[in-house]
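Residue strings, one per chain:
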Amino acid sequence: MPTLSLNVPNFGTLLAADRFGHLLDICSAADDAGVDRLLMTDHVVMGPDTDAYTWGPFPTDPDAAWLEPMTVLAMVAGRTRRIRLGTGIVIAALRGGATLAKTAATLDLLSNGRLDLGVGTGWQAKEYEAVGLDFTRRGPLLDDTLAVCRALWDGAPAAVDRPGITFDDVYCSPRPAPDRRIPIWVSGTLSRPVVRRLVTWGDGWIPIMGATNDDLAAGIDQLHKAFAEAGRDPAELQTRGRLSVARTAGGDVDLDETVANAVAQTELGVTDVVVALQALDPDPDVAAAILPELVRTFRAAFA
């Protein structure tokens, strides 16, 4: 059965500006409702050029509150019982591999193995400038970060030997248990570097926003072949789709039609579908009240 994820805004004025307790209450309600995964998104700093955002109007102005996602998820871990905790995405290279490995492993331990680490390169040069990194090298920088994370998680002492970073005889604890692998979800259009990144270090694919069902089908087929060629089981690939919210003539959420769209995507090989809290209703409390019935309808469709 596919999983259902909820993107909760850790930015802007809805919940992030001065209503942190309310944000945690919404996350707790999603846990109680049976949602499978919570997702938080990332920007470390912002430049003024938010109009350069490719995928439509940017949701905030440059100086709006944007809560650090791993910190928020640590708080959420203490308020929830079973729901998985994901980043969708974190701009991994901005933190550096060792720091990210430590932070992620700590969060995974504190949440009893509930972390899903979604990563990407981001789209804004100012974020790289602010931490002294070259935006034009964002792909190799992400590769170095993921290589370091996997090395530090997999055992000790750890060593990495790459053009961008080299070290040996390094210890980093806590680490995931030997039978526990922190899933890494890699975002992006399936260019050759993204495919290589996903096959080498990843477990799931986050398609670029606006991907059509045809894009999903072609991408899943491409990744299945790449996994097989690398000696990995294609059945292990996870892929994220998007739940398009349908509405009745009266403006209410049409749950059956909404879930029908998810069924169509899972038939293509999608294993997880995500819906934004605001897409259900602009009022977060109204949106949260819809979640139990959405989950029931979703489960019934795949029973």
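Residues numbered from 1 in each chain as written. Predicted model: local features only at pLDDT ≥ 70, side-chain atom pairs only at ≥ 80, totals over all residues. Heavy atoms only, no water.

## Looking at helix 9 (residues 255–266)
Part 1 of the reasoning: An ideal rise of 1.5 Å per residue puts 16 Å on twelve residues; helix 9 measures up with 17 Å between its terminal C-alpha atoms.
Part 2 of the reasoning: Three or more residues of helix 9 are buried, namely Leu 255, Thr 258, Val 259, Ala 262, Gln 265 and Thr 266. Looking straight down helix 9, one finds its buried side chains confined to an arc of 105°; they lie on one side.
Part 3 of the reasoning: Along its buried surface, helix 9 packs onto helix 8 (213–229), strand 10 (238–242), strand 11 (272–276) and helix 11 (284–301).
Part 4 of the reasoning: The N-terminus of helix 9 is capped by Asp 254, whose side-chain oxygen sits 3.4 Å from the backbone nitrogen of Asp 256. (Helix = DSSP H or I, 4+ residues; strand = E, 2+ residues; numbered from the N terminus. Expected span 1.5 Å × (residues − 1). Buried < 20%, exposed > 50% of the residue type's maximum accessible area, 1.4 Å probe, protein only. Arc of directions from axis to C-beta. Contact = heavy atoms within 4.5 Å. Polar contact = N/O pair within 3.5 Å; in protein donor to acceptor, adjacent residues only side chain to side chain.)

## Observations regarding the pattern of salt bridges
Part 1 of the reasoning: The tally for this structure, following the rule as stated, stands at 21 salt bridges.
Part 2 of the reasoning: A salt bridge links Arg 197 to Asp 143; the nearest nitrogen and oxygen atoms lie 2.5 Å apart. Of the two residues, Arg 197 sits in helix 7 (residues 192–201) while Asp 143 sits in helix 6 (residues 138–154), which places them 54 residues apart along the sequence.
Part 3 of the reasoning: For the salt bridge of Asp 272 with Arg 240, the shortest nitrogen-to-oxygen distance reads 2.7 Å. Of this pair, Asp 272 sits in strand 11 while Arg 240 sits in strand 10, and the two are 32 residues apart along the sequence.
Part 4 of the reasoning: Looking at Arg 240, the relative accessible area reads 6%, which means it is buried.
Part 5 of the reasoning: Put simply, Arg 37, Arg 84, Asp 116, Arg 240 and Asp 272 are held in one network by salt bridges that share partners. (Salt bridge = Lys/Arg side-chain N within 4 Å of Asp/Glu carboxyl O.)

## Section: the pairing of strand 5 (residues 115–120)
Remark: a regular strand shows side chains that alternate across the two faces of the sheet.
Part 1 of the reasoning: Across the six residues that make up strand 5, a large majority, six, are buried.
Part 2 of the reasoning: Alternating residues of strand 5 divide into Leu 115, Leu 117 and Val 119 and Asp 116, Gly 118 and Gly 120, and every residue in both groups is buried.
Part 3 of the reasoning: Relative to strand 5, strand 3 (residues 84–87) runs parallel, the two sharing two bridges. Within the sheet, the bridge partner assigned to Gly 86 lies in strand 5 and is Asp 116.
Part 4 of the reasoning: Since strand 4 (residues 90–91) and strand 5 lie parallel, the crossover through helix 4 (residues 97–110) that links them has a hand, and here it is right-handed.
Part 5 of the reasoning: Here strand 5 pairs with strand 8 (residues 184–187) via three bridges, running parallel. (Pairing = 2+ DSSP bridges. Right-handed = clockwise from strand over helix to strand, strands pointing away.)

## What to know about the packing of aromatic side chains
Part 1 of the reasoning: Taken as a whole and judged by the stated rule, the model has eight aromatic pairs.
Part 2 of the reasoning: Summarising the aromatic geometry, the rings of Tyr 53 and Phe 58 are spaced 5.1 Å apart at their centres and angled 80° between planes, so their arrangement reads as edge-to-face. As far as the burial class goes, Tyr 53 and Phe 58 line up, both buried.
Part 3 of the reasoning: Pairwise contacts between aromatic rings join Phe 11, Tyr 53, Trp 55, Phe 58, Trp 66 and Trp 123 into one cluster.
Part 4 of the reasoning: One cation-aromatic arrangement involves Arg 240 over Trp 185; the distance from NZ or CZ to the ring centre is 4.2 Å. (Phe/Tyr/Trp six-rings, centres within 6.5 Å; stacked < 30°, edge-to-face > 60°. Lys NZ or Arg CZ within 6 Å of the ring centre and 35° of its normal.)

## Some details on unusual backbone geometry
Part 1 of the reasoning: With omega at -5°, the peptide bond leading from Ala 156 into Pro 157 counts as cis.
Part 2 of the reasoning: Take Pro 157: it is sitting in the loop between helix 6 and strand 6 (158–161).
Part 3 of the reasoning: Cis geometry is adopted by the peptide bond preceding Pro 174, which originates at Ser 173 and carries an omega value of 15°.
Part 4 of the reasoning: The topology assignment puts Pro 174 in the loop between strand 7 (166–170) and strand 8.
Part 5 of the reasoning: Unlike most non-glycine residues, Asn 112 shows phi in positive territory, near 60°.
Part 6 of the reasoning: For Asn 112, the position within the fold is in the loop between helix 4 and strand 5.

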